[in-house]
Amino acid sequence: MVHNIAYLRMIETCRTKLATERMGMDLKSMADSNLYPVVVRTEIDYKFPATLGHKLTIKGRLESIEKVKFWVSFEIYAEGVDRCLVTCRQALAMVQMPAGRPQRLPKEWRDTWGGLQG
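Residues numbered from 1 in each chain as written. Predicted model: local features only at pLDDT ≥ 70, side-chain atom pairs only at ≥ 80, totals over all residues. Heavy atoms only, no water.

A. Main features of the pairing of strand β3 (residues 69-78). β3 sits mainly inside the fold: 7 of its 10 residues count as buried. For strand β2 (residues 56-65) and β3, the ladder comprises 9 bridges, and the chain directions are antiparallel. Bridge pairing in β3 links Thr57 to Tyr77. Here β2 hands over to β3 after 3 residues, the two strands then running antiparallel side by side. The pairing of β3 with strand β4 (residues 84-96) spans 9 bridges and is classified as antiparallel. Across the sheet, Trp71 pairs through a bridge with Ala91, a residue of β4. If you look at the hairpin formed by β3 and β4, you'll find 5 residues sitting between the two strands, and Gly80 has a positive phi there, around 85°. (Buried < 20%, exposed > 50% of the residue type's maximum accessible area, 1.4 Å probe, protein only. Helix = DSSP H or I, 4+ residues; strand = E, 2+ residues; numbered from the N terminus. Pairing = 2+ DSSP bridges.)

The structure is reproduced here in structure tokens:
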């Protein structure tokens, strides 16, 4: 069976792609500004096990935007298995380093993804 920490590694990869490819957070800009998305909460439900050799698909999406944090959600599926294996929600905040202080999310985010707020 796949170890539970392996799912979190896969979610990390999916979250990075979501941030860089869909939300426009490029790694160089983050390094230049010292402003990074930081996970502040993870909720995960292991519903059905994957086994070694399963080809997994992870679906990630931006779920909602608040003033200081945003939520992303994930579902993990295995080829040939007719149900969702894992669901996960994560809250992230944009944190200014090195002080470690959360910052308000950019207004452009609410303009771009405003329909997601809730």
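Back to the text.
B. Structural context of the confidence of the model for the protein. Predicted confidence across the protein gives a mean pLDDT of 88, with 96% of residues reaching 70 or more. Here helix α3 (residues 107-113) stands out as the least confident element of the protein, with mean pLDDT 79; β4 is the most confident, with 96. (pLDDT = per-residue confidence, 0-100.)

C. Structural view of the nonpolar core. Judged by nonpolar contacts, the single largest core of 26 residues is most densely connected at Met23, Met25, Phe70, Val72 and Trp109. Of all the secondary-structure elements, those providing two or more residues to this core are α1 (4-22), β2, β3 and β4. The element contributing the most residues to this core is α1, with 6 residues. Discounting chain neighbours no more than four positions away, the residues touching Met23 are Leu18, Leu62, Phe70, Trp109 and Trp113. (Core = buried A, V, L, I, M, F, W, Y, C linked by side-chain atoms within 4.5 Å. Contact = heavy atoms within 4.5 Å.)

D. Layout of the environment of Ala50. Its place among the elements puts Ala50 in the loop between β1 (35-46) and β2. Linking Ala50 and Val2, residues 48 residues apart in sequence, is a C-alpha distance of 5.6 Å. Apart from residues no more than four positions distant in its own chain, Ala50 is found in contact with Met1, Val2, Tyr7, Leu56 and Leu85.

E. View of the side chain of Gln90. Tracing the sequence through the fold places Gln90 in strand β4. Judged by its relative accessible area of 4%, Gln90 is buried. When sequence neighbours within four positions are dropped, the list of residues in contact with Gln90 reads Ile11, Arg15, Val39, Arg41, Thr42, Phe70, Trp71, Val72 and Phe74.

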